[in-house]
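The residues making up each chain are set out below.
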Amino acid sequence: MRQVFPLIFERSVPGRRAHGLPPLDVPAVPLEELVPEGARRRTPPALPEVSELEVVRHYTLLSHRNFSIDQGFVPLGSCTMKYNPKLHEEVARLAGFARLHPYTPEELVQGALGLLYELAEELAKLVGMDAVTVQPAAGAHGELVGLLMIRAYFAHRGEERTKVIVPDSAHGTNPATAAMVGYRVVTVPSDARGNMDVGRLEAELGPDVAAVMLTNPNTLGLFEEQVDRIAELVHAAGAQMYLDGANLNAMLGITRPGDQGFDVMHTNLHKTFSTPHGGGGPGACAVAVKAHLEPFLPVPVVAKRGGRYVLDWDRPHSIGKVRAFYGNFANLVRAYAYVRTLGEEGLRAVAEHAVLHANYLRVRLAPYYEIPYDRICKHEFVASGVRQKRENGVTTKDIAKRLLDYGFHAPTIYFPLIVEEAIMIEPTETESLQTLDAFAEAMIAIHREAQETPEVVKTAPHTTPVRRLDEVRAARVPDLRWTPPGKSAP
Amino acid sequence: MRYIPTTPEERSHMLRTIGVESLEDLFGDIPEGVRLRSPLGLRRALADPELLAYFRQLAEQNAHADRLTCFAGAGAYDHFIPPAVWQLAARGEFLTAYTPYQAEITQGELQAGYEYQTMICELLGMEVANASMYDGASALAEVAVMSRDLTHRDRVVISGAVHPEYRQVLRTYTAPLGIEAIELPHREGYTSVEEAKKWVDGRCAALVIQQPNFFGGIEEAAALAEVAHAAGALFVVATADPLAFGLLAPPGEVGADIVAGEGQPLGNPLNFGGPYLGIIATRMQFVRRMPGRLVGATVDAEGKRGFVLTLQTREQHIRRERATSNICTNEFLNALAATIYLSLLGPDGVRQVAELCLQKAHYLKRRIAELPGYGIAFEGPTFHEFVVRTPLPAATLVRRLAREGFLAGVPLSRFDPRMRHHLLVCVTEARTREEMDRFTEALKRVGRPRQRASALVGRRG
């Protein structure tokens, strides 16, 4: 294979240094006296030996080989790739937050605990629930917390329930989480309008169902029009309503999950609340519950007693701990800064404009791409490349790759699974009309190319640092680490 | 409205294009009964300067490590972070990027991920590492489940010298799956090989230890690995500070089948506990049961080297309820910081950091051992942490020393009520002899039996 851009290891020259570590300022004791013979390292790790400037250049150049919101439009459906405010970055890096040890005594971290308390309070109001934990590290981690709480709740009541129902449009994390908590997963199909099929749900509900996991708006970008009816049925069966709140952006200040009948929900703070995605993480997540589930929250819970904030560990019904310490704190600082910057009116405007922008793009693309569920959408919509595939042999993947040549990140593709050749587009409220138009023009141009010069689309991308990559080879012959010359790969 | 670029004219244009009259028309699909029609009562919005002032005021209420000289560790370490680490990692191109699902335009993060995986393998002496998990505790919990899947045995034996919060998290993850977690009580701060032999048997999926352990002790890893392997169990090594392996035998060299660790010490700020960096590394033969994202090298259509996410059939978006885990995100940005940090240190730097930690910690350990009323709780080799027996309750001591400008350590009563007079003290390369000497003096002052005010008055009189 041709190597066009070296690995940091390939820049290494023996003896080169990039650190400014201090000399030892205490009397040195022979190592043999401190570390038993068999416990000492014999060979140094093959880390790169480079200068500081080389490190700086290498990672700066690597950043140029990356694409991000700061560079352009990222219309990934279900990911809510909105602008990540620079002010909130600055706030999160204040020494009082960034340099704070998690085991500093409570009375010396009142600002941090107060922040966590206020964030939980604001989120609870926003979603219409009674209590909130911000400990989970990400959405899937929040799902785990939510389902563990449901499991603990039923165990406490002495009820044996073994099944969790998810719609066929659900994120993959929903069934995966249910399995992690030991539940059997039952899938219910969607109906012709893109809602959960209520008749089929009713048939599956029974005394063995612990929870129904619903995403609202769902992954088709559609509001579950019968959510109140679903909640009634689920509660009549004694089961719990779980909301996958990945798509909360569309509902801020418009409708609250608590009022829709949900008992527990998670929301991804790196989506709706604008904490940066960081190339795939760290995320952050809040789990909100109704009062009957509050005793089961993970420990510790930030509480207020006599005007002071405390960490409450004395919660006998708690599911326990799901991670070390208290949450992805630095991201919680950013999320709270976001809530306080926007306030009530601002958050409502976020939802309104996210929905406005999505519908605008939907209408602009509808003449060219099939929209399987073509009704007013919420923050995102799902188009399909079936027409291009059938008529021109151009797949959704080809269209996605061609978009990269036009300077856009591709939308989410092949999800949800129930839409053939799915193209899931979420523009967010922070993109301008000009960006939306430019994206629509690119999609329309690709539609024309598919008809006129399909090869150009099928062999895309053409202008990126590398051309289309062989994913099959990567999986068949896994090469998961660099191996020093002369050593054999594991 | 802040961060929304759409002008009233543009809004009207979009509404007309959609064919509706007002924003309200876009929400007609929501049943009226669940519409929000009253104010939420949120706190008022803050303009930018007000916001900064408010958060500064919150930050000021915290006794952070620039204000209190930090001798606390216990899973969160105050190592020096070269400024280059975050000036690079926080570049918008990395910070605001998504998961690299479109590999052709995200080679930057993918290549950094591949470099990260390599460096973690090198540091830990393992064959393969994933591109990160949430944190050390949850990584260890996932590894317990992975051990069950690999061995088809439903019991893990975990040393009582593993971080108490890691043990708690492991129990949270394993209990619903019917995996039994047996705790091996530590013997004077170490995992006992003899005790391990009693519990690790043919029903055991894994023996889990921590290196260096929660109390700072250097465990007899090789001997414990033998115990696990003799019973056909996996040997799982947790670590809260991988920098120790700049000096200590890496887990892969002493028989570890899986390593689960915390990568915060590799260039990540204390951040009041998160985000941190979960590490999992294992043998190549186990890779298909490993949770979490993996970056692999491949070629593009022109034969050029490039990187992609690979072996995704393990993951939830493909395998759904049969996935190895529900994990979807990772902690890429923290892994990137670790990659830059380890590049800056190099092989020489990681050894030096480890040696500085070790030597300085032993200096302080000896100084404290000499103090009247104090003692070292456990005998045996330690890395950069050790447990001090304190003349007054450790939590009280920590509060008093905070007034003297020190975060003296972590009182172990926090985790075990029987350890009221035990303080876990940590020294990294960032501490100086001068700070340690002042700290020792302060300990001496504060630890002295308090004289009654009346006695003092009397003497003066």
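What you see is a predicted model, and the numbers here were worked out from it, not measured in a lab.

Once that is clear, we can look at the confidence of the model for chain B. Residue and element names in this part refer to chain B. Here chain B averages 96 in pLDDT, while 97% of its residues score no lower than 70. A low-confidence stretch, residues 452-461 stays under pLDDT 50, and its non-local contacts, those more than four residues away or across chains, total one contact. Prediction confidence for the complex, expressed as pTM and ipTM, is 0.97 and 0.98 respectively.

Note: strands within a sheet are paired through backbone hydrogen bonds, in either parallel or antiparallel orientation. Residue and element names in this part refer to chain B. Read across the sheet, seven strands follow the order S2-S8-S7-S6-S5-S3-S4 without closing on themselves; strand pairing throughout is mixed. The open sheet is flanked by strand S2 (128-129) and strand S4 (180-184), the only strands paired with a single partner. The sheet contact formed by strand S7 (residues 258-262) and strand S8 (residues 278-282) spans five bridges and is antiparallel. Among the inter-strand pairings, alanine 260 is bridged to a residue of S8, identified as isoleucine 280. Against the sheet, helix H6 (residues 136-151) contacts strand S3 (155-159), strand S5 (206-210), strand S6 (234-239), S7 and S8, and its axis sits at roughly 165° relative to S7. Against the sheet, helix H9 (residues 221-230) engages S5 and S6, with an angle of about 145° to S6.

Below, the discussion takes up the sheet that holds strand S14 (residues 410-411) of chain B. Residues and elements named next belong to chain B. Taken in spatial order, the four strands of this open sheet run S11-S12-S15-S14, and their pairing is antiparallel. In this open sheet, the two edge strands, each paired with only one partner strand, are strand S11 (375-376) and S14. Bridge count for S14 against strand S15 (residues 422-426) is two bridges, and the pairing is antiparallel. Looking at the pairing, valine 410 lines up with leucine 424 of S15. Set on the sheet, helix H11 (residues 332-369) makes contact with S11, strand S12 (385-389) and S15; between it and S12 the angle comes to about 10°.

Turning our attention to the domain arrangement of chain A. Taken domain by domain, chain A comprises domain 1 (8-64), domain 2 (87-341) and domain 3 (351-474). Its C-alpha centre places domain 1 of chain A at a distance of 42 Å from the equivalent point of domain 2 of chain A.

Conventions adopted
Residues numbered from 1 in each chain as written. Chains lettered and ligands numbered in written order. Predicted model: local features only at pLDDT ≥ 70, side-chain atom pairs only at ≥ 80, totals over all residues. pLDDT = per-residue confidence, 0-100. Contact = placed C-beta atoms within 7 Å. Pairing = 2+ DSSP bridges. Helix = DSSP H or I, 4+ residues; strand = E, 2+ residues; numbered from the N terminus. Axes fitted to C-alpha atoms, helices over the stretch in contact; angles between N-to-C directions. Domains from an automatic or database assignment.

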